[in-house]
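Given next are the chains, with one letter for each unit.
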Amino acid sequence: MIQLVKKRGIEMGITIENVAKKFPKVEAIKDLSLKVNSHEIMGLIGPSGSGKTTLIRIVTGALHADRGEVRIDDTKVPDMALFPRLGFMPQSDALYPDLTGYDNLLFFGRLFGLKGERLKARVEEMLGFIGLTEDGNRLVSRYSGGMKKRLSLIIALLHDPEYLLLDEPTVGIDPVLRKKIWDHFRALAEQGKTLVISTHVMDEAEHCDRVALLYRGGILAAGTIPELKAKTSSGQIEELFFALGGEAA
Amino acid sequence: MMAVAIRIFKQLLNDKRSLVLVMVVPLVVMTFLFFIFGDSGYIPKLGVVDINPAISASLEADTVELTQLTSVDNSLLEDGTLDAILYMDSGKLVILMLEMDSTKVQLVTGAVSAAIKAVFPAADMLQVDYIYGTEAETTFESLGHILLGVFAFFFVFLIAGVSFVRERTLGTMERFLLSPIRRSSVVLGFLFGFGLFAVIQSVLMVVFVEYVLGLHFASSIIPVLLIMVLFAFVAVALGSLVSTFAENEFQVAQFIPIIIVPQILLSGMIPIDLIPLGLGNLAYVCPVYYACDALDALMTRGVDIVQVLPQAAILLGFVGLLFFGNTLLLKNFRTI
């Protein structure tokens, strides 16, 4: 298991401490604490409505928690200095349908200070990586669901951020490309990036260094895949939802 | 800031419907109004009962279709055969009409008084002169400045409001605010992106009105454009401000009767000192009043650009105020 990385005495990674968030009708997150080490892939796994999206939005700073705090490398969220270092992919396709895929990328790239030839080269590179080179000049309104998802993913990766917060990045993407994307995530982690990836597909948990099982706004269990499997009788992580979730309910 | 402005400009270019709405619709509606309010050359139908033959001869020579009647017959007015009946009642000349209809009343009384004038030049005691404009000015010409102002405002308001709401419902607003861009730069980007469009729209409208519809401009085009663009900036800022209180595009449209209609009524179309209960004073808080006032001064009185600087400054003040409000409202998306 990857150890907590310290650099010059500064705590690295993402620290979520006693975070709670209530919406008018639901308690989305209940007193949740979680530590994401730097250089690791943390998977957030849970059924829909378990609070994955809310948690990710709180970590990005898009949503203000009612209680508790989130720190990224000792800096409390939100902070202007953190934004260039974060890459966020929301669950919904937050894209401009009346722009081409290429122009969508140019816009987000410019926001992060990329420009000129460097921006163009990077955009081409990412379009190539995700297999959208041919469709770069088509309007996003003409894209299929999977293509939008892919475009949305490379927008988050465009400015090469240290921290990636990806909300269900592989939904609707075919298995071959999905494998390629997970290989890329692994390569990013090896380069020293930190990734938080939510999914409701159990198979994807296998690609993560550690996973946190979310259920009704709290964490049922967190740890490496072998650690979690050891807690079950069948070796199936799903079992934990029934065993622990059943008690909680 | 430029990133946002460029993006908005590209979006509008790709959105052909909105493009047509902003660029072509004002021209079409203007043309329509030009014909509706223009000089139709209508000849009023007048019946006369026992009138001085010199007067009726003069009326006939003038722009009136004359019918000699033996008695005052209301049914001819009721069924629309005649517009008015002229008769003598104990030494007074009476014009009887079906109902108050300002345009026809004007035509008939104009023709009758011209006829009297021709026959009895001595009776010509009252003459109305205008410092600016002429009697021959059509309704369209006297309302031209208000039309330009209102159109510059209306379509930009709608497009900006809708695009702001869309940005919220799509989640792109939340997403792009998670970048190092300052909130004020976002608002400025919106202003300039739509502002550039407003410039093109204003140029099109002014050129069209002056050269195609032949509306006479007493001043040069540049200050007119300046006021229109400034006013369009107010529209962008107001559109994005009110869209904060709308959940979807349809709710933006619901702001039209609340924000736009009262503004049109207070634009100076109805002289504000004629509005009862001092409600006309509300015009002083409406940007449209200053815009139309400045456009009127430029287009009909041909004043120098310096004389509309106060109105321009007030419009700029509105932009500043709304800019500040929008920047604050973005805190809903990002607290810093």
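Before going into details, it helps to say that this report is about the structure given with it. These numbers come from a predicted model, not from an experiment.

1. Thoughts on the overall build of chain A
The helix and strand inventory of chain A stands at 8 helices and 12 strands. Computed over the C-alpha atoms, the radius of gyration of chain A is 18 Å, within 12% of the 18 Å expected from 2.2 N^0.38 for a compact globule of 249 residues. Based on the C-alpha atoms only, the size of chain A along its principal axes is roughly 55 × 40 × 40 Å. Counting the 249 residues in chain A, one finds 54% classified as buried. Relative to all contacts within chain A whose residues are 6 or more apart in sequence, the contacts with residues 24 or more apart total 67%. Total accessible area on chain A is roughly 10900 Å²; 51% of this is exposed by carbon and sulfur atoms. In chain A, 33 positive and 33 negative side-chain charges are present, and the distance between their average locations comes to 4 Å.

2. A few points about the sheet that holds strand S5 (residues 41–45) of chain A
All names here are of chain A. Spatially, 6 strands are ordered S8-S9-S10-S5-S11-S12 in an open sheet, and the strand pairing comes out mixed. Here the strands that pair on one side only, and so sit at the sheet edges, are strand S8 (86–89) and strand S12 (218–223). Between one strand axis and the next, the sheet turns through 15° on average, direction left out of account. Both S8 and strand S9 (residues 163–167) contribute to a ladder of 4 bridges, which runs parallel. Paired with Leu86 across the bridge in S9 is Tyr163. Across the sheet, helix H4 (residues 145–157) is in contact with S8 and S9; its angle to S8 comes to roughly 170°.

3. Quick look at the interface of chain A and chain B
Listed per partner, the contact involves 32 residues of chain A and 26 residues of chain B. Summing both sides of the interface, chain A and chain B together bury roughly 2500 Å²; the carbon and sulfur share of this comes to 65%. In terms of surface lost to chain B, no three residues of chain A exceed Tyr96, Asp98 and Leu111 of chain A, which account for 23% of the buried area on that side. Applying the counting criterion to the chain A and chain B interface returns 3 salt bridges. Here Glu174 of chain B ties to Arg57 of chain A by a salt bridge, and the two come within 2.8 Å at their closest N and O atoms. The greatest single-element share of the side of chain A that touches chain B, amounting to 6 residues, is contributed by helix H2 (residues 101–111) of chain A. Of the residues assigned to the side of chain A that touches chain B, the class counts are 21 nonpolar, 5 polar and 6 charged.

4. So, the packing of helix H3 (residues 116–130) of chain A against helix H5 (residues 175–190) of chain A
All names here are of chain A. The interhelical angle for the contact between H3 and H5, taken along N-to-C directions, is 130°, at an axis separation of 10 Å. Accordingly, the angle class assigned to the pair H3 and H5 is oblique. Contacts between H3 and H5 involve Gly128, Phe129 and Ile130 from the former and Leu177, Lys180, Ile181 and His184 from the latter. In terms of residue class, the contact of H3 with H5 is built from 4 nonpolar, 2 polar and 1 charged.

5. Some words on the state of the cysteines
For the coordinates displayed, the defined rule picks out 0 disulfides over all chains. Considering cysteine sulfurs only, Cys292 of chain B is the nearest to Cys286 of chain B, which forms no disulfide, with 10 Å between them.

6. Brief notes about the packing of H3 of chain A against H4 of chain A
Residue and element names in this part refer to chain A. Put simply, H3 and H4 touch, their axes get as near as 10 Å, and they point 135° apart. The angle between H3 and H4 places the two elements in the oblique class. The chirality of how H3 crosses H4 is right-handed. Contact with H3, carried on its side by Arg122, Met126, Leu127, Phe129 and Ile130, involves Arg150, Leu153, Ile154 and Leu157 of H4 and no other residues of that element. Class assignment for the residues of the contact of H3 with H4 results in 7 nonpolar, no polar and 2 charged.

7. Some words on empty space enclosed by the protein
For the structure on display, the rule yields 5 cavities of 30 Å³ or more. Forming the walls of the largest cavity are Leu86, Gly87, Phe88, Phe108, Phe112, Ile155, Ala156 and His159 of chain A together with Arg175 and Leu178 of chain B. Of all the secondary-structure elements, those providing two or more residues to the lining of the largest cavity are S8 and H4 of chain A. Per-element accounting of the lining of the largest cavity gives the leading share, 3 residues, to S8 of chain A. Of the residues in the lining of the largest cavity, the class split is 7 nonpolar, 2 polar and 1 charged.

Criteria and thresholds
Residues numbered from 1 in each chain as written. Chains lettered and ligands numbered in written order. Predicted model: local features only at pLDDT ≥ 70, side-chain atom pairs only at ≥ 80, totals over all residues. Heavy atoms only, no water. Helix = DSSP H or I, 4+ residues; strand = E, 2+ residues; numbered from the N terminus. Rg over C-alpha atoms; globule rule 2.2 N^0.38 Å. Buried < 20%, exposed > 50% of the residue type's maximum accessible area, 1.4 Å probe, protein only. Contact = heavy atoms within 4.5 Å. Areas by Shrake-Rupley, 256 points an atom, 1.4 Å probe, with all protein chains shown as cover. Lys, Arg positive; Asp, Glu negative; His and termini not counted. Charge placed at Lys NZ, Arg CZ, Asp CG, Glu CD. Pairing = 2+ DSSP bridges. Axes fitted to C-alpha atoms, helices over the stretch in contact; angles between N-to-C directions. Buried area = accessible area lost by both parts, 1.4 Å probe. Salt bridge = Lys/Arg side-chain N within 4 Å of Asp/Glu carboxyl O. Nonpolar A, V, L, I, M, F, W, Y, C, P; charged D, E, K, R; others polar. Parallel < 35°, antiparallel > 145°, perpendicular 65-115°, else oblique. Disulfide = S-S within 2.5 Å. Left-handed = near helix turned anticlockwise from the far one by under 90°. 1 Å grid on protein atoms, 1.4 Å probe; cavity = no way out; pocket = protein on both sides within 12 Å on 5 of 7 lines; lining within 4 Å. Points joined across faces, edges and corners; volume = space filled by probe spheres on them.

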